[in-house]
Amino acid sequence: MFIFKKKINDFVLIIEERPNFVLTLTTLMELLKSSGNNAQSDLIYKLIDLLNQNNLSDFVKQINGVDMWGGSGAVWEVYIEDKKVATEFEKEIITLIRLMEKTEIIGKGIKPIKKFFEKNLKQDKV
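Predicted model, so just to flag it, every value in this text is computed and none were measured.

## Re the packing of aromatic side chains
- The full count for this structure, using the stated rule, is four aromatic pairs.
- Pairing F21 with F59 gives two aromatic rings, centres 5.4 Å apart and planes at 80 degrees, and the pair type is edge-to-face. Note that F21 is positioned in helix α1 (residues 12-34) and F59 in helix α3 (residues 56-63), a separation of 38 residues in sequence.
- Residue classification places F21 among the buried residues on the basis of a relative accessible area of 0%.
- With 5.5 Å between their ring centres and 55 degrees between their planes, F116 and F117 make a pair best called tilted.
- The class for F117 is buried, based on a relative accessible area of 4%.
- Among the aromatic residues, those joined into a ring-pair cluster are W76, F116 and F117.

## Points about the pattern of salt bridges
- Following the criterion strictly, the structure yields four salt bridges and no others.
- For E118, the salt bridge is made with R98, and the minimal N-O distance between the two is 2.9 Å. Of this pair, E118 sits in helix α6 (residues 111-125) while R98 is found in helix α5 (residues 83-102), placing the two residues 20 residues apart along the sequence.

## A few points about the side chain of T24
- Mapped onto the elements of the fold, T24 is located in helix α1.
- Here N20 takes part through its backbone oxygen, which lies 3.0 Å from a polar atom of the side chain of T24.

What counts, and where the lines are drawn
Residues numbered from 1 in each chain as written. Predicted model: local features only at pLDDT ≥ 70, side-chain atom pairs only at ≥ 80, totals over all residues. Heavy atoms only, no water. Phe/Tyr/Trp six-rings, centres within 6.5 Å; stacked < 30°, edge-to-face > 60°. Helix = DSSP H or I, 4+ residues; strand = E, 2+ residues; numbered from the N terminus. Buried < 20%, exposed > 50% of the residue type's maximum accessible area, 1.4 Å probe, protein only. Salt bridge = Lys/Arg side-chain N within 4 Å of Asp/Glu carboxyl O. Polar contact = N/O pair within 3.5 Å; in protein donor to acceptor, adjacent residues only side chain to side chain.

None of this, on its own, says anything about what the molecule does.
Rendered as structure tokens:
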């Protein structure tokens, strides 16, 4: 779905933001696990593992993949019954997308998801 051909020099921004990626992904993983979304939690664990192994090319490919941002069963589309957990999840997805933008690894079709969650969170405050 998303193709990235980056050289190791292009991964400098990811390396600089690695702690933020790990923190955000770990929070997402815990929220997914606590809400019974184990398959999606496992995917996030794999992303953290790829980062920790410095397998940045696969990390970029997987974080932009259909399992994260595709249709039914994708990480961003999970159902979380607990409203508080769902709100935290949406905030963390926004944080993740902002990190992807900052590190210039964001694929097509992801920015509208950020806008969707931002609008959703804004409506919850009203």
